[in-house]
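Topology and contacts: notes
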Amino acid sequence: MNTVCVVGASLAGLLTARALRDQGYEGRLVVIGEERHRPYDRPPLSKDFLKGVIGEADLALEDDGEDPRIEWRLGVAATGLDAVSRRITLSDGTSLVVDGIVIATGAAARTLPRTEGLRGVHTLRTLDDAHALRAELESAGRLVVIGGGFIGAEVAATARELGLGVTLVESGPAPLAGVVGLTMAQAIAALHEQRGVRLIAGARVTEVTATERAGSLRADGVRLEDGTHLPADVVVVGIGAVPNTAWLRGSGVELGDGVLCDEGGGTSVPGIVAVGDCAAWWDPAQGRHHRIEHWTGARQRAAVAAATLLSGGTARPAPPRPAYIWSDQFDMKIQFIGRADEADTVTVEEGDPADGRFLAVYRQADRPVAVLGVNQVRLFTRWRRQLETMPVQAG
């Protein structure tokens, strides 16, 4: 390969570019990024950056000794791909013909219908999103968060710490229930409520209401299916993300919920791999493709994808490790590894959920399949090591 293009100046893209160099690739390396920013760390956007505790410089992912030979094309998006000729067309009207391609275009926040252009309604995915939301929270008094995933829960906690009145609306039985299971999700929800967040679970949002101010519409609340109206100065929508794969339609790269890959990140087209939030890798333990939309997923898979690309698909990846997730909410360090939906039982083995400091183990029969720690970093780390070294069982 003489030229490799990484499409996506994200954590996954940057780490894969580094891994290509680490594994001996010395050719031309181009990184394309739709955003104008250099690669930055996204997890703090909903926490310390939103609070104003840290600035843009603190988010930088590049090292002082970053490879100066990398060519950066920022502020330009990939708009199409001819997989046969390896031609990538770009939004500025130019194109690149390359030998190898790393697809790392990430995902975009889902939006609510009929909220396009409505002032006061925000998603949080990018640095620009965070800047816009932070500016509005400075003068707001009431926030409604729609969606109880990690982004929604983190924004709710941050806004409450900033002194806002916060209501979190979740369509499921409890925030985070899809990840940590209902019992432990309810325990975490109770800790939010103790800190002043109003939680409304099992509720469906029918509309974001608005009033006209200074010639434009601005959100003034959220209406639920039962008719309840929740007043708001700002509304944050955290209802998941959609993989950025529209530019690949018709390219010959097989798509599903993301770019469909084998267990090494190889796509249906030789010489093209995918990594990060847009990539649905085959998991032999689960017997299906799935995306891992977490920081550690990008870190674990970058080197594997680079090896797959450079070897022509002959590299043998190690068995995948259980997914690890962490989140900071209020004074809580929440850590989780494994899959709660595989468990028959969950037991608290250290501490008390009511105190905000506990560790719970999920088991299938007698086999641990997941662990949740809240302010139990040392004990959780021991359990994490144990789960990561256990033999993988096929689903």
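Refer to the preceding data block for the structure.
This write-up is about the structure you can find in this document. (Residues numbered from 1 in each chain as written. Predicted model: local features only at pLDDT ≥ 70, side-chain atom pairs only at ≥ 80, totals over all residues. Heavy atoms only, no water.)

**Concerning the side chain of R363**
Mapped onto the fold, R363 is located in strand β26 (residues 357-364). In terms of polar contacts, R363 uses its side chain to reach the side chain of E349, at 2.5 Å. In this structure, R363 is in contact with A343, D344, T345, T347, E349, P368, V369 and W383, ignoring residues within four places of it in sequence. (Helix = DSSP H or I, 4+ residues; strand = E, 2+ residues; numbered from the N terminus. Polar contact = N/O pair within 3.5 Å; in protein donor to acceptor, adjacent residues only side chain to side chain. Contact = heavy atoms within 4.5 Å.)

**Re helix α6 (residues 182-194)**
End to end, α6 covers 18 Å across 13 residues, agreeing with the expected 18 Å (1.5 Å per residue, within 8%). Restricting attention to buried positions, one finds in α6 the residues M184, A185, A187, I188, A189, L191 and H192. G196 sits one or two residues past α6 and shows a positive phi near 100°. (Expected span 1.5 Å × (residues − 1). Buried < 20%, exposed > 50% of the residue type's maximum accessible area, 1.4 Å probe, protein only.)

**Examining unusual backbone geometry**
The residue F330 is not glycine, and still its phi comes out positive at about 55°. Position of F330 among the secondary structure elements: in the loop between β23 (324-329) and β24 (332-338). A positive phi angle, close to 60°, is found at A365, a residue other than glycine. By the element assignment, A365 lies in the loop between β26 and β27 (367-374). The exposure class of A365 is exposed, given its relative accessible area of 58%.

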